[in-house]
Amino acid sequence: MQGKVKTGADRFPEMAPALLKGRKFGLLTNPTGINRDFQSTIQVCASLEEAELGALFACEHGIRGERQAGVRFEDEIDPELGIPVYSLYGKHKKPTADMLLGLQAMVFDIQDLGVRFYTYLSTLIYTLEACAEAGVRVVVLDRPNPLGGLEWEGGLLDESLLSMVGAWRMPARTGMTIGEFALLAADQMKTPCELYVVKMEGWEREMEYPDTGLPWFPPSPNMPTMDTVRIYAGHCLFEGTNLSEGRGTTKPFEQVGAPWLKAEETCRELNALNLPGVRFHPVTFTPTFSKHAGQLCNGVMTFVTDPSVYKSAVTGLHLLSCIQRLHPGEFEWLAPFKEGQSTFIDLLSGSDRIRLTLHEPGALEAIIASWERDGKEWAGIRSKYLLYGPEAAAAASAAEARGNGV
């Protein structure tokens, strides 16, 4: 495939001898681990002559994307390679010492969204921590942030709410690539991690994924298109409510609803706000699974009309506020999954502020203002780790000084 961008996976074969020669290594990947020639990273790693692929590691949705969201699974043996596939979405979220025994390196190649509650970022954090403790080198094959690398959104996570859907103090959207975030996390961890990031070539921060010329493989079953990706950082909040977020339909996250929703009135009020780059339209749908499965739902379809000005987190908060206000007798926050746990909306949003105050006059504006303050703080934090754009040289030099490489 001819495109503007080479990912870390495209450059990996030329870099592998220097990074892995003589080492037995593990590979943490999923179906998004493919190169521009449509070869899987599993195939590439298995064919390396100078190093030995000893184990595969699978995060949410499985090593080949065969499992739905939230489905836990156990270790298995890969039928093609005959090597272990260790589950990081079952009994363990973090590689154990036994899993890492005999490995000298770990390769990470997964297409992320640059969104805090997308669990691949959490798996990366846990893997960096485990490999630091075990003295295992980590090699991250960098990939584009599908939404580009210029914008970040949403409040910083309250560290009392660390979880699988928020494992680091970061905003809802990071504005970073997976490799840049790996550098940030490795630098700030208590135990240093030997990290190498295989950079992309040709990627520029203003590029959305379609601009790269790379093949798009859905990162998970409910993230089929770029339309879904653009909306996800705001509409994922509906997972913490009693509305369907569109799972079990062909438009997950792009449409939200419930049997009791006043769709026409909700859309009319939202469109009157003239939020930038977005319009809302009534829709009906029947989810085949998840919330309200088999029930006809009245809903709201979100159309992004101008991605350059659309703000996913702010838009999602307006939608949430409007639905809550128009349906005081029906709208509910989901209860904690287990006794003693935080409510899911708190884990997703990064604080208890939405749940406790969104219904109050002026709260929506106050939450957005707090997100903007957090954004200024995040801008200073992330700037030290950017590998592309004006800050790239300084970040690369700093990474080398810390014992990491790019």
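A quick note: this is a predicted structure, and the numbers were derived from the prediction, not measured.

A. How the structure looks around the overall build of the protein chain. Counting its regular elements, the protein chain contains 12 helices and 10 strands. Relative to the globule expectation of 22 Å for 406 residues, the C-alpha radius of gyration of the protein chain, 21 Å, shows essentially globular dimensions. Overall, the protein chain is about 65 × 45 × 45 Å in size when its C-alpha atoms are taken along their principal axes. Taken over 406 residues, the protein chain has a buried fraction of 59%. Put simply, 73% of the contacts in the protein chain that link residues at least 6 apart link residues at least 24 apart. Approximately 16,300 Å² of the protein chain is accessible, and the part contributed by carbon and sulfur atoms is 51%. Of the charged side chains in the protein chain, 38 are positive and 51 negative, and the gap between their average positions amounts to 2 Å.

B. Spatial organisation of the side chain of Thr-241. Position of Thr-241 among the secondary structure elements: in the loop between helix H6 (226-235) and strand S8 (255-258). At 2.9 Å, the side chain of Thr-241 and the backbone oxygen of Phe-238 are in polar contact. With sequence-adjacent residues up to four places away left out, Thr-241 is seen in contact with Lys-291, Leu-320, Phe-331, Glu-332, Trp-333 and Leu-334.

C. Molecular detail of the sheet that holds strand S9 (residues 278-285). Taking strand neighbours across the sheet as the criterion, the 3 strands line up as S8-S10-S9 in an open arrangement whose pairing is antiparallel. Looking at strand neighbours, the two that pair on one side only are S8 and S9, the edges of this open sheet. Shown here is a sheet whose adjacent strand axes are inclined to one another by a mean of 25°, direction ignored. One ladder, built from 4 bridges, connects S8 with strand S10 (residues 297-304); its direction is antiparallel. By the bridge assignment for S10, Ala-258 is matched with Asn-298.

D. Molecular detail of the packing of aromatic side chains. Within the structure shown, the criterion is met by 10 aromatic pairs. Each ring, one from Tyr-232 and one from Phe-253, has its centre 4.9 Å from the other, and the planes form 85°; the classification is edge-to-face. A residue pair is termed long-range when its members are at least 10 positions apart, and Tyr-232 in helix H6 and Phe-253 in the loop between H6 and S8 qualify at 21 residues. Judged by its relative accessible area of 5%, Tyr-232 falls in the buried class.

E. Main features of the nonpolar core. Residues Leu-20, Phe-57, Phe-181 and Ile-354 are the most contacted members of the largest nonpolar core, which totals 127 residues. Of the residues forming this core, the biggest block, 9 residues, is contributed by helix H4 (residues 119-134). Among residues more than four places away in sequence, those in contact with Phe-181 are Leu-121, Leu-124, Ile-125, Trp-168, Met-170 and Met-176.

F. Representation of the sheet that holds strand S1 (residues 24-29) within the structure. Strand order in the open sheet formed by 7 strands is S3-S4-S2-S1-S5-S6-S7, and the pairing between neighbours is mixed. Two strands in the sheet have a free side with no partner beyond their single neighbour: strand S3 (76-77) and strand S7 (195-198). Pairing geometry for strand S6 (residues 137-141) and S7, over 4 bridges, is parallel. Opposite Val-140, over in S7, you have Val-197 as the bridge partner. Most of the contacts of H4 go to strand S5 (residues 105-109), to which it runs at about 170°, and overall it touches S1, S5, S6 and S7.

G. Structural context of the packing of H6 against helix H8 (residues 312-326). Running from amino to carboxyl end, H6 crosses H8 at an angle of 55°, the nearest separation of the two axes being 6 Å. Relative to H8, the element H6 lies oblique. In terms of crossing hand, the pair formed by H6 and H8 is right-handed. From H6, Arg-230, Ile-231, Ala-233, Gly-234 and His-235 reach across to H8, where they touch Ser-312, Ala-313, Gly-316 and Leu-319. Partitioned by chemical class, the residues of the contact of H6 with H8 number 4 nonpolar, 4 polar and 1 charged.

H. Molecular detail of the pairing of strand S2 (residues 52-58). Counted residue by residue, S2 has 6 buried out of 7 residues, so it is predominantly covered. The sheet contact formed by S1 and S2 spans 5 bridges and is parallel. Among the inter-strand pairings, Leu-28 is bridged to a residue of S2, identified as Phe-57. Two elements, S2 and strand S4 (residues 84-87), share 3 bridges in a ladder whose sense is parallel. Residue Phe-57 lies in a different strand from S4, and its bridge partner there is Tyr-86.

I. Summary view of the pattern of salt bridges. Scanning the entire structure with this criterion turns up 17 salt bridges. Across the pair Arg-230 and Asp-227 runs a salt bridge, and its minimum N-O distance is 3.3 Å. One end of the pair is Arg-230 and the other is Asp-227, both in helix H6 and 3 residues apart, which spans about a single turn. Where Glu-269 meets Arg-325, a salt bridge forms, and the shortest distance between an N and an O atom there is 2.7 Å. With Glu-269 in helix H7 (residues 263-272) and Arg-325 in helix H8, this residue pair connects regions lying 56 residues apart in the sequence. One continuous salt-bridge network, built from bridges that share partners, spans Glu-239, Glu-245, Arg-247 and Lys-291.

J. Main features of the side chain of Asn-35. Looking at where Asn-35 falls in the secondary structure, it is placed in the loop between S1 and helix H2 (41-46). On the accessibility criterion, Asn-35 (8% relative accessible area) is buried. A polar contact of 2.9 Å, which involves the side chain of Asn-35, links it to the backbone nitrogen of Asp-37. Of note is the side chain of Asn-35, whose polar atom sits 2.9 Å from the backbone nitrogen of Gln-39.

Quick notes on the rules
- What you see as residue numbers is a count from 1 along each chain, following the sequence as written.
- Per-residue local features of the predicted model are confined to residues with pLDDT of at least 70, and side-chain atom pairs are confined, for both listing and counting, to 80 or more; whole-chain, interface and lining totals are unaffected and use all residues.
- Side-chain measures were taken over the full set of non-hydrogen atoms in the model, leaving aside hydrogen atoms and water.
- For the purposes of this entry, the term helix denotes a DSSP run of H or I that reaches at least four residues, the term strand denotes a run of E that reaches at least two, and both are numbered from the N terminus.
- Here the globule rule is a power law, 2.2 Å times the number of residues to the power 0.38, and the radius of gyration is based on C-alpha atoms.
- Note on classification: 1.4 Å probe, protein chains only; a residue is buried when its accessible area is under 20% of the maximum for its type, exposed when over 50%, partly exposed between these limits.
- Whether two residues touch is decided by their heavy atoms; if any such pair falls within 4.5 Å, the residues are in contact.
- Note on areas: these come from Shrake-Rupley sampling with a 1.4 Å probe, and a residue is covered only by the protein chains present in the view.
- Within this scheme the basic residues Lys and Arg register as positive and the acidic residues Asp and Glu register as negative, but His and the chain ends are omitted.
- Where a charge lies is defined by one atom per residue type, namely NZ (Lys), CZ (Arg), CG (Asp) and CD (Glu).
- For the purposes of these results, a polar contact is taken to be a pair of N or O atoms within 3.5 Å, where, inside protein, one atom must be able to donate a hydrogen and its partner to accept one; residues adjacent in sequence count only when each atom of the pair is a side-chain atom.
- The pairing criterion is simple: DSSP has to find at least two bridges between the two strands.
- Interaxial angle, 0 to 180 degrees, is taken between N-to-C directions of lines fitted to C-alpha atoms, where a helix line uses only the stretch in contact.
- Ring pairs are drawn from Phe, Tyr and Trp, using the six-membered ring of Trp, whenever the two centres fall within 6.5 Å, and their geometry is named by plane angle: stacked under 30 degrees, edge-to-face over 60, tilted for the rest.
- In plain words, nonpolar cores are sets of buried Ala, Val, Leu, Ile, Met, Phe, Trp, Tyr and Cys residues tied together by side-chain atoms within 4.5 Å.
- Angle categories are assigned with fixed cut-offs, so that under 35 degrees is roughly parallel, over 145 is roughly antiparallel, 65 to 115 is roughly perpendicular, and the rest are oblique.
- Put simply, a crossing is left-handed when the front helix is turned counterclockwise from the back one by less than a right angle, and right-handed when it is turned clockwise.
- In this count, Pro and Cys sit with the nonpolar residues alongside Ala, Val, Leu, Ile, Met, Phe, Trp and Tyr, while Asp, Glu, Lys and Arg are called charged and the others, Gly among them, polar.
- Every case where a carboxyl oxygen of Asp or Glu lies within 4 Å of a side-chain nitrogen of Lys or Arg is listed as a salt bridge.

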